[in-house]
Amino acid sequence: TAATLTIPVVVHVLYNTTAQNISDAQIASQIAVMNEDFQKLNADVSKTPSAFAGLAANVNIAFALAQRDPNGLATTGIERKSTTVTGWGTDDKMKSTTTGGLNAWNSGSYLNIWVCNLSGGILGYAQFPGGAASTDGIVIRTTAFGRNGSAAAPFNLGRTATHEVGHWLNLRHIWGDASCGNDLVSDTPTQQTSNTGCPAFPKRTCGNTTNGDMFMNFMDYTDDACMYMFSTGQSSRMNALFATGGARVSL
Ligand code: ARG
Ligand code: ZN
Ligand code: CA
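Below is a short write-up of the structure. (Residues numbered from 1 in each chain as written. Chains lettered and ligands numbered in written order. Predicted model: local features only at pLDDT ≥ 70, side-chain atom pairs only at ≥ 80, totals over all residues.)

1. Brief notes about the site of ligand 1
Inference 1: Surrounding ligand 1, one finds 13 residues, the nearest of these being Leu123, Phe155, Arg159, Thr160 and His163.
Inference 2: Sorting elements by how many residues they give to the shell around ligand 1 places helix α3 (residues 159-168) first, with 4 residues.
Inference 3: Its residues assigned to classes, the shell around ligand 1 comprises 5 nonpolar, 4 polar and 4 charged. (Near = placed C-beta within 6 Å. Helix = DSSP H or I, 4+ residues; strand = E, 2+ residues; numbered from the N terminus. Nonpolar A, V, L, I, M, F, W, Y, C, P; charged D, E, K, R; others polar.)

Structural data, given as structure tokens:
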């Protein structure tokens, strides 16, 4: 079996209200979810329909709050900053002190996670590999972060960060962001569009009359309780980033 890679994580918390200054326990719960989901240790993977169960993958990636900051000093891996900003957009302003946020730590050595009050109902967003280091990482709405504290149903099981880390590790949406589009992964069935809520198996689209959509995949848009697997092909695509010449080999 392949060795597990552990990625150091820094969580940048931006808060305008006391409630948005989430607890260390809420942050720990998010790290735990990511560890479970990327190592196929999540209990709900057992819900995978038998047609897809053989494709559910251990991605072999672990996450740990950083113990050293970029200067080599001891850290909790958590930074907190009070802000007058009541709602943030998807324009990366939370990623720089000059625009009221907190700067990224060296993205060659850390996964940067910003937690803030994203406005407009946005749960989170991510930067794909190959972008600017200063904005590299993922952003998660405070109420969709972790699985305790202020996390709110139906996005209260930490799967928004699992999904966004999937993008950060080069995964596309499972429907390929087009009608019967291509997600560049061969073992995920072609599906017509995003699924929401909690569909019943099988849901057949795009002429796929056997098993239909893999709507329980983390890269769909279903509720947190209804997504519980990455596929083997997705795992290979993510792990390719850490091989020689890969975009995240420095981790
Ligand atoms: N809408 C977001 C994106 O496209 C995240 C969706 C997360 N879904 C969830 N069930 N938590 O990146
Ligand atoms: Zn997405
Ligand atoms: Ca596919």
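2. Let's talk about the nonpolar core
Inference 1: Ranked by size, the top nonpolar core spans 57 residues in total, and within it Val9, Ile113, Val115, Cys116, Ile138, Ile140 and Ala161 carry the most contacts.
Inference 2: Taken together, the elements giving at least two residues each to this core come down to β1 (5-15), α1 (24-38), β2 (61-65), β4 (111-116), β6 (138-141) and α3.
Inference 3: The residues touching Ile140, leaving out its near neighbours within four places in the chain, are Ile113, Val115, Gly124, Phe145, Thr160, Ala161 and Glu164. (Core = buried A, V, L, I, M, F, W, Y, C linked by C-beta atoms within 7 Å. Buried ≥ 20, exposed ≤ 12 C-beta atoms within 10 Å, placed from the backbone. Contact = placed C-beta atoms within 7 Å.)

3. Some points on α3
Inference 1: Most of α3 sits out of view: 9 of its 10 residues are buried.
Inference 2: Each element contacted by the buried residues of α3 is listed here: α1, β4, β5 (124-126) and β6.
Inference 3: Asn170 occupies a position one or two residues after α3 and carries a positive phi of about 80°.

4. Some points on the environment of Phe215
Inference 1: Within the secondary structure, Phe215 is located in the loop between α3 and α4 (232-239).
Inference 2: On the neighbour-count criterion, Phe215 (27 C-beta atoms within 10 Å) is buried.
Inference 3: Here the alpha-carbon distance between Phe215 and Gln67, two residues 148 residues apart in the chain, equals 36 Å.
Inference 4: If we skip the residues at most four places from it in the chain, Phe215 touches Asn195, Pro199, Lys203, Asp220 and Thr222.

5. Side note on α4
Inference 1: Taken together, the buried positions of α4 are Gln234, Ser235, Arg237 and Met238. Buried residues in α4, looked at end-on, bunch into an arc of 160°, giving them a common side. (Arc of directions from axis to C-beta.)

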